[in-house]
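Below, each chain spelled out in residue letters.
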Amino acid sequence: MAALWRSIADSMRTLLIATLAFASVPTFAAEVPQKIDVSSFPKQAKVIDDVVVPVPSEVFNVLDKLGRPNWEDVLRSDKNPVKVPADQAHIALLLGTVISEGFIAVEAENSQEVKKIGGDVQKLAKALGVEKQVVQHAKAIIAGADKKDWNGVRRELDNTLRDVKEAMTELSNDALSQLISIGGWVRGTEALTEVVGKTFSKDGAELLHQPILLDYFERKLSAMPAKLKRSELVTDVQKGVLEIRPLVGLEDGTQISDKSVREVNEVTKRLIKSIIPKSN
Amino acid sequence: MNRFATTLLAAFALIAPSHAYSSIDDALSFALEAAAPHVKQGFTVREDYWGGDLPVKTTKAIVHQLFKGNEYWFWMGTDEKGAKISIHVYDSEGNLAEVETLPSKPHFAGARVVPKKTGSYYLIVEIEKSPQERTTWALAYGFR
């Protein structure tokens, strides 16, 4: 029985079903307490290794409600197919970036760009050895773009991200899986800061308040295998995450200033320039 | 088959069971059953799930980034008919953040959150009672 549960637990990890073992907290009585003491969490939080990383759709869903930005201005449109970098860490970061670009192309309702991104995703996934897992999604992305089924494309992009990460984890390459997430987060954050920076709003800026995610990414980057840490790009990304961390508010409810939004934008823009090969 | 049913089936198929996980998958199927009316109301179910097993009167905390502007439903399920399970959501200061819960029923628990601020939240899941020593549970969530 114990072996079965170990097997389940291992499989769940590979499925990116974020492990939840986490802190035990005092049990509740029948009445639900209106307040609990989370001050005891930091000590227990030592065992909290994973957090639930939101899917990009969650952020875009809020942005949709905040107004109608000109997404074409934010989109990094490129007619040339993506150039595949030689380094695996770089490919992983780029793949995350390209998937994020897909969400922006959906916001812009740019069918051509979405279709190109579907092909780029497949190409990069192939370079990472996980093409099989994304073929169907890539086809669905392209078909969705033809039909202008934007919700369907968003769903496929979310699923692509999930499946490619799962596949990397199954190949015992959790570090690359994390880099895919981080690449996606960097591009998403660059786009978010661009949108919010153009017409600053407190609510828009608040979307940047993601300290647990930044801490999580920093932990993952610090724990990268030596081979990946030797990559200048990975080091740059880690530095960028550390630069951004104090800008997005330490406490929940902290107001994030226009200046901070611009600074986060500068850091992410710098990182994206390094991640996207120049010939692209 | 209507779109809602197709969506649910698709969601379930994508996180489809292998034999080794039958119990968690059963728990998940209850969580997704609880999700069904909310999907009809426009909630998008994230096609990942969380789960495990817990002894009675033990809780787990899950840290989750939530965004103000979204509305969330968290659905917890168990395949153990005699179990009573619960999920509650607290903000980073420990204040109860849920605005609605599912009525107490065998197999299900659920909490709806409309975050007042963007930030970290704690999902507290618990097996309140169960005839089993350890009870399998699964958690899914959706947003709109």
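Predicted model, so just to flag it, every value in this text is computed and none were measured. (Residues numbered from 1 in each chain as written. Chains lettered and ligands numbered in written order. Predicted model: local features only at pLDDT ≥ 70, side-chain atom pairs only at ≥ 80, totals over all residues.)

1. Details of the overall build of chain A
Point 1. Per the secondary structure count, chain A includes 14 helices and 0 strands.
Point 2. Ordered by position in the sequence, the α and β elements of chain A form the string α-α-α-α-α-α-α-α-α-α-α-α-α-α.
Point 3. Residues counted as buried form 49% of the 280 residues belonging to chain A.
Point 4. Partitioning the intrachain contacts of chain A with sequence separation of at least 6 by distance along the chain shows that 75% fall at a separation of at least 24. (Helix = DSSP H or I, 4+ residues; strand = E, 2+ residues; numbered from the N terminus. Buried ≥ 20, exposed ≤ 12 C-beta atoms within 10 Å, placed from the backbone. Contact = placed C-beta atoms within 7 Å.)

2. Quick notes on the overall build of chain B
Point 1. A count of helices and strands for chain B gives 2 helices and 9 strands.
Point 2. The order of helices and strands in chain B, counted from the N terminus, is α-α-β-β-β-β-β-β-β-β-β.
Point 3. The burial tally for chain B puts 56% of its 144 residues in the buried class.
Point 4. Relative to all contacts within chain B whose residues are 6 or more apart in sequence, the contacts with residues 24 or more apart total 80%.

3. A look at the packing of helix α5 (residues 88-107) of chain A against helix α8 (residues 150-170) of chain A
Residue and element names in this part refer to chain A.
Point 1. Where α5 meets α8, the axes come as close as 9 Å, and the angle between the chain directions of the two elements is 170 degrees. On the basis of their axis angle, the class for α5 and α8 is roughly antiparallel. Residue-level contacts link Leu 95, Ile 99, Gly 102, Phe 103 and Val 106 of α5 to Trp 150, Val 153, Arg 154, Leu 157, Thr 160, Leu 161 and Val 164 of α8.
Point 2. Class assignment for the residues of the contact of α5 with α8 results in 9 nonpolar, 2 polar and 1 charged. (Axes fitted to C-alpha atoms, helices over the stretch in contact; angles between N-to-C directions. Parallel < 35°, antiparallel > 145°, perpendicular 65-115°, else oblique. Nonpolar A, V, L, I, M, F, W, Y, C, P; charged D, E, K, R; others polar.)

4. What about the packing of helix α11 (residues 211-222) of chain A against helix α13 (residues 232-244) of chain A?
Residue and element names in this part refer to chain A.
Point 1. Running from N to C, α11 and α13 point in directions that differ by 150 degrees, and their axes come no closer than 10 Å. The angle between α11 and α13 places the two elements in the roughly antiparallel class. The way α11 lies across α13 gives a crossing that is left-handed. On α13, the residues touching Leu 214, Phe 217, Glu 218 and Leu 221 of α11 are Val 234, Val 237, Gln 238, Val 241, Leu 242 and Ile 244.
Point 2. Grouping the constituent residues of the contact of α11 with α13 by class yields 8 nonpolar, 1 polar and 1 charged. (Left-handed = near helix turned anticlockwise from the far one by under 90°.)

5. Section: the sheet that holds strand β3 (residues 59-66) of chain B
Residues and elements named next belong to chain B.
Point 1. Read from one edge of the open sheet, 3 strands run β3-β8-β5, paired in antiparallel fashion. At either margin of the open sheet sits one strand with a lone partner, and together these are β3 and β5 (84-91). Taken over all neighbouring pairs, the strand axes of this sheet differ in orientation by 25 degrees on average, direction set aside.
Point 2. The sheet contact formed by β5 and strand β8 (residues 119-129) spans 8 bridges and is antiparallel. Within β8, the position partnered with Ser 86 by the bridge is Glu 126. (Pairing = 2+ DSSP bridges.)

6. Describing α11 of chain A
Helical geometry note: an α-helix holds 3.6 residues per turn, so side chains three or four residues apart project in the same direction.
Point 1. Given a rise of 1.5 Å per residue, 12 residues ought to cover 16 Å, and the 16 Å separating the end C-alpha atoms of α11 of chain A matches this to within 8%.
Point 2. Taken together, the buried positions of α11 of chain A are occupied by Pro 211, Ile 212, Leu 213, Leu 214, Tyr 216, Phe 217, Lys 220 and Leu 221 of chain A. (Expected span 1.5 Å × (residues − 1).)

7. A look at the nonpolar core
In globular proteins that are soluble, nonpolar side chains generally tend to be buried together.
Point 1. Ranked by internal contacts, the top residues of the largest apolar core, which has 121 residues, are Leu 95 of chain A together with Ala 31, Phe 74, Leu 139 and Ala 140 of chain B.
Point 2. A per-element tally of this core places α5 of chain A first, with 12 residues.
Point 3. Residues contacting Ala 140 of chain B, with those up to four places away along its chain left out, are Leu 28, Ala 31, Leu 32, Ala 35, Val 45, Arg 46, Tyr 49 and Trp 75 of chain B. (Core = buried A, V, L, I, M, F, W, Y, C linked by C-beta atoms within 7 Å.)

8. Section: the confidence of the model for chain B
Residues and elements named next belong to chain B.
Point 1. Overall, the predicted model of chain B reaches an average pLDDT of 85, with 85% of residues at or above 70.
Point 2. Averaged over each element, pLDDT in chain B is lowest for helix α1 (residues 3-14) (42) and highest for strand β4 (residues 72-77) (98).
Point 3. Here residues 1-21 scores under 50 on pLDDT; set against residues more than four positions off or in separate chains, the count is 25 contacts.
Point 4. In the model output, the complex is listed with pTM 0.82 alongside ipTM 0.80. (pLDDT = per-residue confidence, 0-100.)

9. Details of the confidence of the model for chain A
Residue and element names in this part refer to chain A.
Point 1. For chain A, mean pLDDT is 84; residues scoring 70 or higher make up 83% of the total.
Point 2. Low confidence marks residues 1-29, where pLDDT is under 50. Its contacts with residues over four positions away, or in another chain, come to 61 contacts.
Point 3. Residue range residues 42-49 is modelled with pLDDT below 50. Its contacts to residues more than four positions away, or to other chains, number 9 contacts.

10. A look at the pairing of β8 of chain B
All names here are of chain B.
Point 1. Counting buried positions over the 11 residues of β8 gives 9, a clear majority of the element.
Point 2. Where β3 and β8 come together, 8 bridges link them in antiparallel fashion. By the bridge assignment for β8, Ala 61 is matched with Ile 124.

11. Quick look at unusual backbone geometry
Glycine aside, a negative phi is what most residues show, and trans is what most peptide bonds show.
Point 1. Positive phi values are uncommon outside glycine, yet Lys 148 of chain A reaches one of about 55 degrees.
Point 2. Along the chain, Lys 148 of chain A falls in the loop between α7 (131-147) and α8.
Point 3. Even without glycine at this site, Lys 57 of chain B takes up a positive phi of about 65 degrees.
Point 4. Summarising the element assignment, Lys 57 of chain B is placed in the loop between β2 (50-55) and β3.
Point 5. On the basis of neighbour count, Lys 57 of chain B is assigned to the partly exposed category, with 13 C-beta atoms found within 10 Å.

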